[in-house]
Amino acid sequence: MFDQLFIDNEFVAPAAGRRFDAIDPATEQRIATLALADAGDVDRAVRSAHRAFAAWRRTTPAERTRLLLKAAALVEARRDEIARLETLDMGKPLRESLANVARAVRSFEYAAGATDKLEGQSIPVDARSFNFTHLEPVGVTAHITPWNYPFANACRSLPVALAAGCTAVVKPASETCLTTLLLGDVLREAGFPPGVVNIVTGSGTEAGAALARHPLVRAITFTGSVGTGQRIAQYASEHVRPVVLELGGKNPQLVYADADLDLALRETVRGAFTNAGQVCTGVSRVLVERPAYTRYVEALRERVEALTVAPGLDDADLGPLVSEAHRRTVAGHVSAARDEGARLVAGGSVPPDRGRGWFFRPTVFDQVDPAMRIAREEVFGPLLVVIPFDGDEEALAIANGVEFGLAAGIFTRDLGRAMRLVRDLEAGMVWVNEWFQSPVQVPHGGVKHSGIGREQGLAAFANYLQTKDVAIRFG
Ligand code: NAD
């Protein structure tokens, strides 16, 4: 199954027979061979989705609900298998993979409950007409996902598109294809008709680009880096297609001296080092009010040094990074931070006791100036910077002084201050006295370079529906 593409409910070989390897980042061993799709394979997948759309769009909401609930139940039933595979393929600790699968189940359930609530409007015009809007599925949708949450991300947009009556082609990141392919098997077993969901594996520049530029694709949902997101937006413009772009972040956590510092610290560590820091909404800058600064950095050092690093199946605090190339990138950021004069508080290197596997120690820098590259660029790894501030104005200037605007957090006991900051922070998601709250029913997305549009919540259905206005004259 893993060395094939999923088209028309069948696992099929790529036409040119090209393959590439899936590698376990904890051992550097090959764990599977994968199909490397070319533009012709992508075309086959899109055409399959296009054919399937004709019947799928006419299914009743109740039929779609039943299939989506069946998919949720099957994902739940295969939870351990999917989670183990995710950990093997991506490296994350097993308990995190299990939580990601649980989230995927919720995504299917949530979308299942919405199929019969996607209502249009009736608009008063004059005494002799009715005017109403009808929401229609857009058609074939493309879902291009990153490697950090392969299963959860595929299951974030796909159930919504299916619930809206769209068909889909999914392209996972080449580093992490296994659980997305397994999803094909699950959806076939659930009873989704051939062609409603297709999955193509391959490179971004070839298979990904062919998908995003395909004339039969009517909407694109992309999660990944800013650079690729910009390219996707250009591709989408070729056929005037809508895009949702879920991109990167450089998320600030503002910690005031009056906060529950123990809670703030716990959330700093969880926010910065979950999934070895490979999280778009992770804490990447912690801004600490000066009276608490020295204490905070010291306590942070102690907690970070106590974190364990080991293969994901051992369920340590941090698993390996996803790839050798990514570990090189993270190490490059560490060198740059040192060169710019930041002070290393913890980590900063490969763990000495780990020979194989792309591990990296959880790393903290302080004495970081907001102008330094390390304070502005996304690292997307286990690297946190600490920056002191005095007062709200400076905190806001630092927090908002980057190109990104995905998530932000405020830790204080002063509710008035928290609310003013909620108003003024440039971010798509703001958390007060907590980090990461983003269940499937709330909108998820960013501002500025962090993206366009929202996934999750009822707002996400608009990504896959178009409005037809209907006027009926009767007098
Ligand atoms: P990436 O941009 O390198 O790749 C993302 C996907 O795009 C992959 O499937 C890749 O194969 C594909 N791709 C690459 N080039 C392409 C092209 N020219 N045309 C079409 N597709 C192409 O990103 P990544 O390194 O896999 O993921 C890390 C990034 O994702 C980080 O910046 C992170 O912040 C972001 N991210 C954002 C969210 C969010 O919800 N906002 C969630 C997870 C990750």
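Just so it is clear, the structure is predicted and the values come from calculations on it, not from any experiment.

Procedures and definitions
- Residues numbered from 1 in each chain as written.
- Predicted model: local features only at pLDDT ≥ 70, side-chain atom pairs only at ≥ 80, totals over all residues.
- Heavy atoms only, no water.
- Helix = DSSP H or I, 4+ residues; strand = E, 2+ residues; numbered from the N terminus.
- Rg over C-alpha atoms; globule rule 2.2 N^0.38 Å.
- Buried < 20%, exposed > 50% of the residue type's maximum accessible area, 1.4 Å probe, protein only.
- Near = heavy atom within 4 Å.
- Polar contact = N/O pair within 3.5 Å; in protein donor to acceptor, adjacent residues only side chain to side chain.
- Nonpolar A, V, L, I, M, F, W, Y, C, P; charged D, E, K, R; others polar.
- Contact = heavy atoms within 4.5 Å.
- Axes fitted to C-alpha atoms, helices over the stretch in contact; angles between N-to-C directions.
- Parallel < 35°, antiparallel > 145°, perpendicular 65-115°, else oblique.
- Left-handed = near helix turned anticlockwise from the far one by under 90°.
- Core = buried A, V, L, I, M, F, W, Y, C linked by side-chain atoms within 4.5 Å.
- Phe/Tyr/Trp six-rings, centres within 6.5 Å; stacked < 30°, edge-to-face > 60°.
- Salt bridge = Lys/Arg side-chain N within 4 Å of Asp/Glu carboxyl O.

A. The overall build of the protein, seen in detail. Counting its regular elements, the protein contains 13 helices and 19 strands. Here the protein has a C-alpha radius of gyration of 23 Å; the compact-globule value for 475 residues is 23 Å, and the two agree. Taken along the three principal axes of its C-alpha coordinates, the protein extends 75 × 60 × 40 Å. Per-residue burial for the protein yields a buried fraction of 58% across its 475 residues.

B. The site of the ligand, seen in detail. Taken together, the neighbourhood of the ligand is formed by 28 residues, with Thr145, Ser225, Thr228, Leu247 and Glu378 sitting nearest. Within the backbone of Thr145, one N or O atom sits 2.7 Å away from an oxygen atom of the ligand. One nitrogen or oxygen atom from the side chain of Glu378 is found 2.6 Å from an oxygen atom belonging to the ligand. Listing elements by their share of the shell around the ligand, those giving two or more residues are helix 5 (150-163), helix 7 (204-212), strand 9 (217-223) and helix 8 (226-238). A class-by-class count of the residues in the shell around the ligand yields 13 nonpolar, eleven polar and four charged.

C. Broad picture of the side chain of His333. By the secondary structure assignment, His333 is in helix 11 (residues 324-340). Note on His333: relative accessible area 10%, which makes it buried. In contact with His333, not counting residues within four places along its chain, are Ile374, Glu377, Glu378, Val379 and Leu383.

D. Broad picture of the side chain of Gln456. For Gln456, the location among the structural elements is in the loop between strand 18 (451-452) and strand 19 (465-473). A polar atom in the side chain of Gln456 sits 2.7 Å from the side chain of Arg103. At a separation of 3.2 Å, a polar atom in the side chain of Gln456 contacts the main-chain carbonyl oxygen of Pro439. Sequence-distant contacts of Gln456, that is, excluding residues within four places in its chain, are made with Arg103, Arg156, Ser438, Pro439, Val440, Val442, Pro443 and His444.

E. Structural context of the packing of helix 12 (residues 391-400) against helix 13 (residues 415-424). Direction vectors running N to C along helix 12 and helix 13 enclose 30 degrees, while the axes themselves pass 11 Å from each other. For the element pair helix 12 / helix 13, the angle class is roughly parallel. The handedness of the crossing between helix 12 and helix 13 is right-handed. Residues Asp392, Leu396 and Asn400 of helix 12 touch helix 13, and the partners they reach there are Arg417, Arg420, Leu421 and Asp424. Looking at side-chain class alone, the contact of helix 12 with helix 13 contains two nonpolar, one polar and four charged residues.

F. Representation of the nonpolar core. Membership of the largest hydrophobic core comes to 73 residues, with the highest contact counts inside it found for Phe273, Val364 and Val368. Setting aside its immediate chain neighbours within four residues, Val368 contacts Ala342, Ile374, Ala375, Val385, Val386 and Ile387. Leu85, Val138, Cys155 and Leu182 belong to the second largest nonpolar core, which has 58 residues in total.

G. Structural detail: the packing of aromatic side chains. Per the stated rule, a full pass over the model turns up seven aromatic pairs. Judged by centre distance (5.1 Å) and plane angle (65 degrees), the ring pair of Trp431 and Trp435 falls under edge-to-face. Taking the relative accessible area as the measure of exposure, Trp431 reaches 6% and is therefore buried. An aromatic cluster of three or more residues is present, and its members are Trp431, Trp435 and Phe436.

H. Expanded view of the pattern of salt bridges. Within this structure, the stated rule accounts for 31 salt bridges. Arg78 is the salt-bridge partner of Asp185, the closest N and O atoms lying 3.2 Å from each other. Taken together, the positions of Asp185 in helix 6 (residues 178-190) and Arg78 in the loop between helix 2 (61-77) and helix 3 (79-90) put the pair 107 residues apart, joining distant regions of the chain. Overall, the relative accessible area of 19% leaves Asp185 in the buried class. When its relative accessible area of 17% is taken as the criterion, Arg78 is described as buried. The shortest N-O distance in the salt bridge between Arg301 and Glu298 comes to 2.4 Å. With Arg301 and Glu298 both in helix 10 (residues 290-305) and three residues apart, the pair spans about one turn of that helix.

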